[in-house]
Amino acid sequence: AETGLHRHDAPMYAYILEGDLTVTYDSGEVKDYHAGDALVEAIGTAHNGRNTGTVPVRVLVVNMGAEGVANTVKLP
């Protein structure tokens, strides 16, 4: 499963509860996250998250949004 290409226009924090997640950024950088990892997602940077493990990925997400700003912007 994948998130599809998207970006965040406000700060987003995440904690990987279960599974393995690989995030590929528009710069070509690739980061791997595993259960127990925490991250602050890049603002305004296109990226795609992909489950690279054998179990579902469960992520606790905290969006620090602002009125009128979408938490996630899907990209073509």
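Our structure's up above, just so we're on the same page.
All values reported here derive from a predicted model rather than from experimental measurement. (Residues numbered from 1 in each chain as written. Predicted model: local features only at pLDDT ≥ 70, side-chain atom pairs only at ≥ 80, totals over all residues. Heavy atoms only, no water.)

## Observations concerning the overall build of the protein
Alright, step 1. The helix and strand inventory of the protein stands at 0 helices and 8 strands.
Alright, step 2. Starting at the N terminus and walking to the C terminus, you meet the elements of the protein as β-β-β-β-β-β-β-β.
Alright, step 3. Relative to the globule expectation of 11 Å for 76 residues, the C-alpha radius of gyration of the protein, 12 Å, shows essentially globular dimensions.
Alright, step 4. Projecting the C-alpha coordinates of the protein onto the three principal axes gives extents of approximately 35 × 25 × 20 Å.
Alright, step 5. By residue count, 25% of the 76 residues in the protein fall in the buried class. (Helix = DSSP H or I, 4+ residues; strand = E, 2+ residues; numbered from the N terminus. Rg over C-alpha atoms; globule rule 2.2 N^0.38 Å. Buried < 20%, exposed > 50% of the residue type's maximum accessible area, 1.4 Å probe, protein only.)

## Looking at the side chain of His 47
Alright, step 1. Topologically, His 47 is positioned in strand β6 (residues 47–51).
Alright, step 2. At 3.4 Å, the side chain of His 47 and the side chain of His 8 are in polar contact.
Alright, step 3. Once you skip the residues sitting within four places of it in the chain, His 47 turns out to touch Gly 4, Leu 5, His 6, Arg 7, His 8, Val 23, Thr 24, Tyr 25 and Glu 41. (Polar contact = N/O pair within 3.5 Å; in protein donor to acceptor, adjacent residues only side chain to side chain. Contact = heavy atoms within 4.5 Å.)

## Notes on the environment of Tyr 15
Alright, step 1. Position of Tyr 15 among the secondary structure elements: in strand β2 (residues 12–18).
Alright, step 2. Tyr 15 gets classed as partly exposed once you look at its relative accessible area, which sits at 36%.
Alright, step 3. Not counting the four nearest positions on each side in its chain, Tyr 15 is found in contact with Gly 36, Asp 37, Ala 38, Arg 58, Val 59 and Leu 60.

## Quick word on the pattern of salt bridges
Alright, step 1. Overall, the coordinates contain 3 salt bridges when judged by the stated rule.
Alright, step 2. The partner of Glu 18 in a salt bridge is Arg 58, with the nearest N and O atoms 3.9 Å apart. Here Glu 18 is found in strand β2, whereas its partner Arg 58 is found in strand β7 (residues 58–63), with 40 residues between them in sequence.
Alright, step 3. Between Glu 29 and Lys 31 there is a salt bridge; the shortest N-O distance is 4.0 Å.
Alright, step 4. You can call Lys 31 partly exposed: its relative accessible area is 34%. (Salt bridge = Lys/Arg side-chain N within 4 Å of Asp/Glu carboxyl O.)

No statement about biological role is implied by the geometric values presented.
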